[in-house]
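Chain and residue survey
Listed below are the residues making up each chain.
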Amino acid sequence: AIDLITPTNKLFRNMSKFKRKKINKAKKEGQTIIVINHKTNKKIIEKEFTKYKYAHITASGKQTRSDQSYDYMKKLINDGKAILFVNQISGYSFSYLLCDFSDGVSRGWSMVIDPKADEGMSLRHLLEWYAIMYFKKLGMEIYDLGPIFTENEFGIDYNKKLGGIS
């Protein structure tokens with residue numbers, strides 16, 4: 001988990017040099033993050049959430065969650081209990097991060113990168129950093145990356161790379 005009470009400059013310094021470079025590179029590449037929340041136009045929510053769902057299906061080669069699960073995730077967005085962060089370059093959505101938040105804690109639930117994206121782009125790093133900063137500004141105290149980010153799955157401890165504790 002990442003302590004969001006920590007000053008922003010210290011959060012950034014606490015990240016690995018590799019992550020800081022990737023975030024800066026992403027900004028130079030022109031990546032922008034859009035926030036899909038309950039205030040977003042319903043048609044845009046539907047459009048971006050559908051792209052998020054199909055990016056998951058395309059990335060895994062099959063549907064790994066039920067339609068009911070996706071419907072529930074979209075309902076959480078519409079109810080103001082979750083946010084879909086979308087990383088775009090020139091208006092094209094390349095990666096997505098779904099997070100929920102309550103009681104001072106924000107959680108990264110589900111992240112996917114469109115398989116059509118260039119592997120050389122740093123699509124995850126700016127997205128995650130933006131979510132951390134968004135929830136910090138919202139007054140959350142913790143950003144939890146969750147148990148999915150383990151050394152066994154990715155060969156790295158992503159939590160530690162972002163300056164958090166496991």
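Throughout what follows, the structure given in this document is the object of discussion. (Residues numbered from 1 in each chain as written. Predicted model: local features only at pLDDT ≥ 70, side-chain atom pairs only at ≥ 80, totals over all residues. Heavy atoms only, no water.)

1. Examining the sheet that holds strand E1 (residues 2-3)
Strand order in the open sheet formed by six strands is E1-E6-E5-E4-E3-E2, and the pairing between neighbours is mixed. Among the strands making up the open sheet, the edge pair consists of E1 and strand E2 (32-36). Of the strand pairs in this sheet, strand E5 (residues 105-113) and strand E6 (residues 142-144) are connected by three bridges, and their pairing is parallel. Counted as the bridge partner of Val-105 is Ile-142 from E6. Helix-sheet contacts for helix H3 (residues 42-60) involve E2, strand E3 (82-89), strand E4 (92-102) and E5, and the interaxial angle to E5 is about 60 degrees. (Pairing = 2+ DSSP bridges. Helix = DSSP H or I, 4+ residues; strand = E, 2+ residues; numbered from the N terminus. Contact = heavy atoms within 4.5 Å. Axes fitted to C-alpha atoms, helices over the stretch in contact; angles between N-to-C directions.)

2. Some thoughts on the side chain of Ser-122
Among the secondary structure elements, Ser-122 is positioned in the loop between E5 and helix H5 (125-137). With a relative accessible area of 2%, Ser-122 lands in the buried category. Each residue touching Ser-122, except ones within four places of it in the same chain, is listed here: Lys-22, Lys-25, Ala-26, Glu-29 and Gln-31. (Buried < 20%, exposed > 50% of the residue type's maximum accessible area, 1.4 Å probe, protein only.)

3. Describing the packing of helix H2 (residues 17-28) against H5
Following both chains from N to C, one finds H2 and H5 inclined at 95 degrees, their axes separated by 8 Å at the closest point. The orientation of H2 with respect to H5, classified from their angle, is roughly perpendicular. Packed against H2, whose contacting residues are Phe-18, Lys-19, Lys-22, Ile-23, Ala-26 and Lys-27, the element H5 presents His-125, Leu-126 and Trp-129 at the interface. Its residues assigned to classes, the contact of H2 with H5 shows five nonpolar, one polar and three charged. (Parallel < 35°, antiparallel > 145°, perpendicular 65-115°, else oblique. Nonpolar A, V, L, I, M, F, W, Y, C, P; charged D, E, K, R; others polar.)

4. Thoughts on the environment of Gln-88
Within the secondary structure, Gln-88 is located in strand E3. Note: C-alpha distance between Gln-88 and Leu-123 (35 residues apart in sequence) is 8.9 Å. Setting aside residues no more than four positions away along its own chain, Gln-88 makes contact with Gly-30, Gln-31, Thr-32, Ile-34, Glu-48 and Ser-93. There is a polar contact of 3.0 Å between the side chain of Gln-88 and the side chain of Ser-93. (Polar contact = N/O pair within 3.5 Å; in protein donor to acceptor, adjacent residues only side chain to side chain.)

5. Quick look at the pattern of salt bridges
Within this structure, the stated rule accounts for seven salt bridges. In this structure, Glu-128 and Arg-124 form a salt bridge, with 3.6 Å as the shortest nitrogen-oxygen distance. Here Arg-124 falls in the buried class, since its relative accessible area comes to 14%. (Salt bridge = Lys/Arg side-chain N within 4 Å of Asp/Glu carboxyl O.)

Everything listed is a geometric property; what it means functionally is a separate question.
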